[in-house]
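Single-letter residue listing:
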Amino acid sequence: MAEYDLISIPYKVSITIAEDRSRMQSLAASMYGIVEVGNTMGLSMMDSFSMLCMIPKDPYRYRGTIRHELTHLLLNYKQPFLPPWLAEGLPSLYEATETNQKTGITNWRGQIVSTVLERGRDRDFNFESFLMADWDSFNGKSEDEVFIIIDNIKQSTNYAMARYYLLYLQQTQQLEGLYKSATRPTNLLAQTINNNQENLTKTITNSGSLNWNSFKAWLPQKLSPSSDKELKKEVQRKLKESSFYEGNIDGDFGVKSKIALKQYQKRNKLEATGEIDQPTLMNLGIVRDSGNE
């Protein structure tokens, strides 16, 4: 997080874990006065430097929720006036990123973005409105004369797009420059903040490498998971770079590959199974995006 100047925070952060949805709701009400948490997995509050996270199963598999909310606290302490897509998208980069049958984690963000593209619903997704949204609009909130209305489809689409747009910027080496542009020193007048958001939106929509068409063209390759064979090739490549494996990089994960992997796991204090699992992939530095928060 050093490149975003989010390393230091002069307060202790309190983390409360809820084991299920009902406990999450009860704690949210008693701690923060929140009447309805909906499908929220995590909450963070700047005034108390605290977070509440629902961890229903193995904490290792759901640790991304804690990382996400901690990044919110660090980010809001340093940069409290970022546009919602950036303020929400950046923490999502620190979530767990692998989905498979072992973890049982569902990539809801990827599923939503895929649906938007496959069904042509990007015609209903306005990229410029997404960039210019305030928090109410970003969360699908509107009001009529009597009721507060939440558009859950709009809300979940915005959150999903925020993650993938930030991934796009990161992987095309454009995130750091855009972040610096968004966090340029400014006074706290609301009009100035709005003007900064407008200028940032103009920069993005007018740039061939930042705009919706470029982002949309990148999405299919990210949403299509790597083949099993390609993953095994990458594991072999990493093992060879670490001098544990001397065979061919062919994706055929036979006895030599498994022995090399088991030796690597032992050396790195992982469970030495000789099997490709999530802890080993992360230790090797192999991450395929499939998000879970």
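Residues numbered from 1 in each chain as written. Predicted model: local features only at pLDDT ≥ 70, side-chain atom pairs only at ≥ 80, totals over all residues. Heavy atoms only, no water.

Chemist: I would appreciate a short explanation of the sheet that holds strand β2 (residues 42–45) in the present structure.
Modeler: Here we have three strands laid out as an open sheet, ordered β1-β3-β2, and mixed in their pairing. Where the open sheet ends on each side, the last strands, each with one partner, are β1 (14–18) and β2. Recorded for the sheet is a direction-independent mean angle of 10 degrees between the axes of neighbouring strands. Inspection of the sheet shows β1 paired to strand β3 (residues 50–54) by five bridges, in the parallel sense. Bridge assignment links I15 to a residue of β3, and that residue is M51. Contacts between helix α1 (residues 21–32) and the sheet are confined to β1, β2 and β3, with β3 contributing the most and set at about 165 degrees to the helix. Packed onto the sheet, helix α2 (residues 63–78) meets β1, β2 and β3 and runs at close to 155 degrees relative to β3. (Pairing = 2+ DSSP bridges. Helix = DSSP H or I, 4+ residues; strand = E, 2+ residues; numbered from the N terminus. Axes fitted to C-alpha atoms, helices over the stretch in contact; angles between N-to-C directions. Contact = heavy atoms within 4.5 Å.)

Chemist: It is not clear to me how the nonpolar core should be interpreted in this structure. Could you clarify?
Modeler: The nonpolar side chains of a soluble globular protein tend to be buried with one another. Counting residues in hydrophobic clusters, the biggest one holds 42 residues, and the most contacted among them are W85, L90, F127, F130, Y165, I204 and F215. Among the elements of the structure, α2, α3 (84–92), α4 (108–118), α5 (127–132), α7 (152–171), α8 (175–182), α9 (190–205) and α10 (212–223) are those that each provide at least two residues to this core. Per-element accounting of this core gives the leading share, 10 residues, to α7. Counting residues in hydrophobic clusters, the runner-up holds 11 residues, among them V235, F244, Y245 and A260. (Core = buried A, V, L, I, M, F, W, Y, C linked by side-chain atoms within 4.5 Å. Buried < 20%, exposed > 50% of the residue type's maximum accessible area, 1.4 Å probe, protein only.)

Chemist: So what exactly am I meant to see when it comes to the packing of α7 against α10 here?
Modeler: Each pair of packed helices can be described by the angle between their axes along with the distance between the axes. At their nearest, the axes of α7 and α10 sit 10 Å apart, and the two run at 95 degrees to each other. When the axes of α7 and α10 are compared, the pair comes out roughly perpendicular. Here α7 contributes M161, Y164, Y165, L167, Y168 and Q171 to the contact with α10, which in turn contributes W212, S214, F215, W218, L219, K222 and L223. Across the contact of α7 with α10, the residue classes tally to 10 nonpolar, two polar and one charged. (Parallel < 35°, antiparallel > 145°, perpendicular 65-115°, else oblique. Nonpolar A, V, L, I, M, F, W, Y, C, P; charged D, E, K, R; others polar.)

Chemist: Would you explain a nonpolar patch on the surface in this entry?
Modeler: Nonpolar side chains collect at one region of the surface, where V146, F147 and I149 lie side by side and expose about 320 Å² of accessible area between them. Its place among the elements puts F147 in the loop between β4 (141–143) and β5 (148–150). F147 gets classed as exposed once you look at its relative accessible area, which sits at 55%. (Patch = residues over 30% accessible without salt bridge, like charges linked within 9 Å, V, L, I, M, F, W, Y side chains within 5 Å. Areas by Shrake-Rupley, 256 points an atom, 1.4 Å probe, with all protein chains shown as cover. Salt bridge = Lys/Arg side-chain N within 4 Å of Asp/Glu carboxyl O.)

Chemist: Can you help me understand unusual backbone geometry in this one?
Modeler: A negative phi angle is the norm for most residues apart from glycine, just as the trans form is the norm for most peptide bonds. In this model, F49 sits at a positive phi of 45 degrees, which is unusual for a non-glycine residue. Tracing the chain through its elements places F49 in the loop between β2 and β3. What makes F49 buried here is its relative accessible area of 10%. Unusually for a residue other than glycine, S243 sits at a positive phi of about 65 degrees. With respect to the helices and strands, the residue S243 is situated in the loop between α11 (228–241) and α12 (255–267).

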